Amino acid sequence: MRDWLPRVVARAPFTVHTKLIGAFFAIVALLIIFGIVVLQVLGGINRRSEDIGKLRRKVAAFRQLQHNTTNQLYGMTTALLSPEERMLESALRQLHEFRYDLERLQFVTKDEAELYNKIGKEHEQLVEVITKIVELTREKKFARARELRITRTVPLADSLERLTNEMVNRAEADMETKIDESNQAYLTSRWVVIGFAVGSIGLAVLLGYAVSSSLMGPVKLMDERLRQIALGDFSRSVEVPNRDELGRLANNLNRMSEELRDLYQKIEAASRHKSDFLSNMSHELRTPLNAIIGYSEMLAEDAEARDQKGFIPDLQKIRASGKHLLELINDILDLSKIEAGKVELFPETFNVNDLIREVAGTVQPLIEKNSNILAINCDDNLGAMYADITKVRQILFNLLSNACKFTEHGTITLDAVKDHSEGTGWLSVNVTDTGIGMTEEQMKKLFQPFSQADIQTARKFGGTGLGLAITRQFCEMMGGDIKVRSEHGRGTVFTVRLPMAAPPPKADAISSATSGDSSKSV
Amino acid sequence: MARILLVEDNEMNLDMLSRRLKRKGYDVVIAVDGEAGVTMAASERPDLILMDMSLPVLDGWEATRQLKDMPETAAIPVIALTSHAMEGDREKAMGAGCDDYDTKPVDFERLLVKIEALLKKQEKP
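Residue positions are counted from 1 within each chain, in the order its sequence is given. Each chain gets a letter, beginning with A, and each ligand a number, beginning with 1, in the order they are written. Given that the model is predicted, a residue must reach a pLDDT of at least 70 before its local features are reported, and side-chain atom pairs must reach 80 or more before they are shown or counted; all residues, however, enter totals for whole chains, interfaces and linings.

Here we come to the overall build of chain B. Helices and strands together make up the secondary structure of chain B, namely five helices and five strands. For chain B, the α and β elements follow one another from N to C terminus as β-α-β-α-β-α-β-α-β-α. Every C-beta atom is placed from the backbone, and the number of other C-beta atoms within 10 Å of a residue's own sets its class: buried at 20 or more, exposed at 12 or fewer, partly exposed in between. The buried share of chain B, taken over its 125 residues, is 36%. When contacts within chain B are restricted to residue pairs at least 6 apart in sequence, those whose partners lie at least 24 apart make up 58%. Starting at the N terminus, helices and strands are each numbered in turn, a helix being any DSSP run of H or I of at least four residues and a strand any DSSP run of E of at least two. Throughout, a residue-residue contact means that the two C-beta atoms, derived from backbone geometry, are no farther apart than 7 Å.

Quick look at the structure:
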């Protein structure tokens, strides 16, 4: 439920670029709107405080008017009591001063026009009456003047006083209202600004969350998927809701995964077919070979028994050819099994000295064949080793028979020492011959399948050219290595190092071993 | 002389091995499939059985398992012969109850050593 917004953003049919720009502009727009709102609120506050200031000045002016009115009316009334010309002049002057005060107020009394006009009218009447009184007084008609003063002036003055009071009161009430309004407006504006700020922040955060989630979600999914593909899992596909570049990326990722899966299955099938073919072929070839070798052996035995020895060399040639063919088939099968990863290690504990003795015995006929001498220099107590004995035996046998093949009337030396340098120790074996040796060029191709030093060598010395490739793969499977030093025409030294206790088999040792990158120290 | 039961379906292998074994003085009886092998083992009571693994009717592994399950034949040593020499074949054969293992084409001298070793072990107890 929480994810509906990122999902909506993801589904929007726009590019990632557009979405990012859109989100950015949305946030900028929010900022601008927020700024405008704040400016308007500030303007409102300013306007209201200006209004209040005006009202305050108006109230002050009204108060002044009221105060003056009271004073003048009082002064005027007092002045009219005396018949002296000086007093009368004073009364008239005060009357005009009041007029002046009133006119000065005209600009602030737009709202109270009615009241102002009323005051104006009453004042005119007062002026009229007082002018009359002054005239009567000057004419010494005191009784008439007194009567007029009492009947007209006093009520008019009272009315004027009352009207100015009312004006002040009304203005003060106005100001009170305005101040209340202003306070209320301030509170409202504060909430509007806070509301806008909170809303904008919330919207910006939501937008940021939605956009980043809609982008990062698929990236994480695809990262996880790629990791699985790297580990060889092609079975799943990645589902992202995006209709942008990321969506296309995910589609391409899924397509790639499917292609890889198909390719992987094809390769697997091809490899299986190859293995099956080799296995079947080798079986089919072995059956007739079985008969060739067996019957030639039997005929040789018969010839021996019947004293017909002339046949024996030919029969032995048939048998030897059969054996060679068998060896070839076995080596091809071995190598194809190693390459298919079908070879497993079966470690067991055995005595190294016993094994070396056994191999030396097996290889003796080959040593004698080229009139060589085998010298064995090894510690008497090499002790127990935990490894696949069949493969260690084959490694030693391959190296020794290889040395025999390329040496005539020479010496083949096997040195074996136990090296305690790391972990459980290492068995280090050197097989040295005084044979034909190799050139740099020849050594480069040495451990690659089917690559005897050159074709002439293969013709002359026989063999499959697979022995060293198999030997090297066995060494690496067991966690060890093989190195070669050689001088053309002087001889060759192979050095094998194997751990005394087998580590768990390494799957990648096989694949890296087939790459043909041999490790040599010359 | 010791009696050896040879269970093998390939005619030439059968002919060769039986003739060479006879020449070495063994009393050889033969069977050409797994089922016949089991029957012969029960009736002829050989001292040792040479068992090919890829046999018709009943394969070598199953035949060996049946032989080792029957009290009257369980003690007879069985040498498995396989033409595959695949990695794990030895373990598979030993797992079925075989006492030893060799690959075809047989190295006759080596096979004789294995036969003699098992026969000797058989006499001792």
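Resuming the write-up.
A separate point is the overall build of chain A. When helices and strands are tallied, chain A shows 13 helices and seven strands. Across the 522 residues that make up chain A, the buried fraction comes to 24%.

In this section: the interface of chain A and chain B. Taken together, the contact pairs 17 residues of chain A with 14 residues of chain B. Of all the secondary structure elements, the ones that give two or more residues to the side of chain A that touches chain B are helix H6 (245-305) and helix H7 (312-339) of chain A. With 11 residues, H6 of chain A is the single largest residue contributor to the side of chain A that touches chain B. Residues belonging to the side of chain A that touches chain B are distributed by class as follows: seven nonpolar, five polar and five charged. Amino acid classes used here: Ala, Val, Leu, Ile, Met, Phe, Trp, Tyr, Cys and Pro are nonpolar; Asp, Glu, Lys and Arg are charged; the rest, including Gly, are polar.

Moving on, we come to the sheet that holds strand E6 (residues 481-487) of chain A. All names here are of chain A. Strands were regarded as paired on the criterion that DSSP finds at least two bridges between them. The strand order across the open sheet built from five strands is E2-E4-E5-E7-E6, with neighbouring strands paired in mixed fashion. With partners counted over all chains shown, the strands left at the sheet margins are strand E2 (373-378) and E6, one partner each. Adjacent strand axes in the sheet meet at a mean angle of 15°, parallel and antiparallel pairs treated alike. Judged from the eight bridges that link them, strand E4 (residues 411-419) and strand E5 (residues 426-433) form a sheet pairing that is antiparallel. The partner of Ala416 across the bridge, within E5, is Val429. Axis angles are defined between N-to-C directions and span 0 to 180 degrees, where every axis is a line fitted to C-alpha atoms and, for a helix, only to the segment in contact. Along the sheet face, helix H8 (residues 352-369) touches E2, E4 and E5 and points at about 170° away from the line of E2. Contacting E6 and strand E7 (491-499), helix H12 (residues 467-477) crosses the sheet at an angle of about 140° to E6.

Each pair of packed helices gets described by two things: the angle between the helix axes and the distance between those axes. Residues and elements named next belong to chain A. Helix H3 (residues 85-105) packs onto helix H2 (residues 16-81) with a crossing angle of 165° between their chain directions and a minimal axis gap of 9 Å. In terms of orientation, H2 lies roughly antiparallel with respect to H3. For the pair H2 and H3, the sense of crossing is left-handed. Side by side, H2 and H3 meet where Ala61, Leu65, Asn68, Thr69, Gln72, Gly75, Met76, Ala79 and Leu80 of the first sit next to Met87, Leu88, Ser90, Ala91, Gln94, Leu95, Glu97, Phe98, Asp101 and Leu105 of the second. Class assignment for the residues of the contact of H2 with H3 results in 11 nonpolar, six polar and two charged. Angle categories: roughly parallel below 35 degrees, roughly antiparallel above 145, roughly perpendicular from 65 to 115, and oblique for all the rest. Less than a right angle of anticlockwise turn of the near helix away from the far helix marks a crossing as left-handed, whereas a clockwise turn marks it as right-handed.

Residue and element names in this part refer to chain A. When the terminal C-alpha atoms of H8 are compared, their 26 Å separation across 18 residues agrees well with the 26 Å that a helix rising 1.5 Å per residue should span. Bend, in this description, refers to the angle at a residue between axes fitted to the seven residues ending there and the seven starting there. Taking the largest bend as the criterion, H8 deviates by roughly 45°, centred on Val363, and proline Pro365 comes between one and four positions later. Of the positions making up H8, those classed as buried are Val352, Ile356, Val359 and Val363. The span one expects for a helix is its residue count, reduced by one, times 1.5 Å.

Attention shifts here to unusual backbone geometry. Even without being glycine, Lys140 of chain A reaches a positive phi, approximately 65°. Following the sequence through the fold, Lys140 of chain A ends up in the loop between helix H4 (113-138) and helix H5 (142-230). You will see that Val57 of chain B, though not glycine, has its phi angle at about 65°, which is positive. As for its position among the elements, Val57 of chain B is in the loop between strand E3 (48-52) and helix H3 (60-69).

Consecutive side chains of a regular strand alternate in pointing toward one face of the sheet and then the other. Residues and elements named next belong to chain A. Sheet topology places E5 next to E7; eight bridges connect them, and they run antiparallel. Bridge pairing links Asn430 to Thr495 in E7. For E6 and E7, the ladder comprises seven bridges, and the chain directions are antiparallel. The partner of Val484 across the bridge, within E7, is Phe494. Counting the residues between successive antiparallel strands, the hairpin from E6 to E7 contains three residues, one of them, Gly489, with a positive phi of roughly 85°.

Right, let's get into the nonpolar core. Across soluble globular proteins, nonpolar side chains have a tendency to be buried as a group. Any nonpolar core is a set of buried residues, restricted to Ala, Val, Leu, Ile, Met, Phe, Trp, Tyr and Cys, that join up through C-beta atoms within 7 Å. Residues Leu400, Leu427 and Leu498 of chain A are the most contacted members of the largest nonpolar core, which totals 42 residues. Among the elements that line this core, the one with the most residues is helix H9 (residues 389-405) of chain A, at seven residues. Among residues more than four places away in sequence, those in contact with Leu400 of chain A are Val359, Val363, Ile412, Leu414 and Val431 of chain A. Formed by 31 residues, the second largest nonpolar core is a distinct cluster that contains Ala31, Leu55, Val78 and Leu81 of chain B.

With that settled, the discussion passes to the sheet that holds strand E2 (residues 27-31) of chain B. All names here are of chain B. Ordered in space as E2-E1-E3-E4-E5, the five strands form an open sheet in which the pairing is parallel. Looking at the sheet topology across the chains shown, the edges are occupied by E2 and strand E5 (100-103). Strand-to-strand twist in this sheet, taken as the mean axis angle between neighbours without regard to direction, amounts to 20°. Relative to E2, helix H1 (residues 11-23) is tilted by about 165°, and along the sheet it contacts strand E1 (3-7) and E2. Contacts from helix H2 (residues 34-44) reach E1, E2 and E3 within the one sheet, and its direction differs from that of E1 by about 165°.

Below, the discussion takes up H2 of chain B. Residue and element names in this part refer to chain B. Within H2 the residues assigned to the buried category are Gly34, Gly37, Val38, Met40 and Ala41. Burial along H2 is one-sided: seen end-on, the buried residues are contained in an arc of 165°. Relative to its buried face, H2 has exposed residues pointing more than 90 degrees away, namely Thr39 and Ser43. Looking at the packing, one finds that the buried side of H2 touches E1, E2, E3 and H3. Taken from the residues just after H2, Arg45 is the one with a positive phi, measuring 45°. Here, the arc refers to the directions that run from the helix axis to the C-beta atoms.

Scored from 0 to 100, pLDDT records how confident the predictor is in each individual residue. In this model, chain A carries an average pLDDT of 83, and 91% of its residues clear a pLDDT of 70 or more. Contacts from residues 505-522 of chain A, a stretch scored under 50 in pLDDT, to residues over four places away or in other chains number 28 contacts.

This brings us to the packing of H9 of chain A against H12 of chain A. Residues and elements named next belong to chain A. Running from N to C, H9 and H12 point in directions that differ by 145°, and their axes come no closer than 10 Å. Of the two elements, H9 crosses H12, and the hand of that crossing is left-handed. Across the interface between the two elements, Lys391, Gln394, Ile395, Asn398, Leu399 and Asn402 from H9 touch Gly467, Leu468, Ile470, Thr471, Phe474 and Cys475 from H12. Looking at the contact of H9 with H12, its residues break down into six nonpolar, five polar and one charged.

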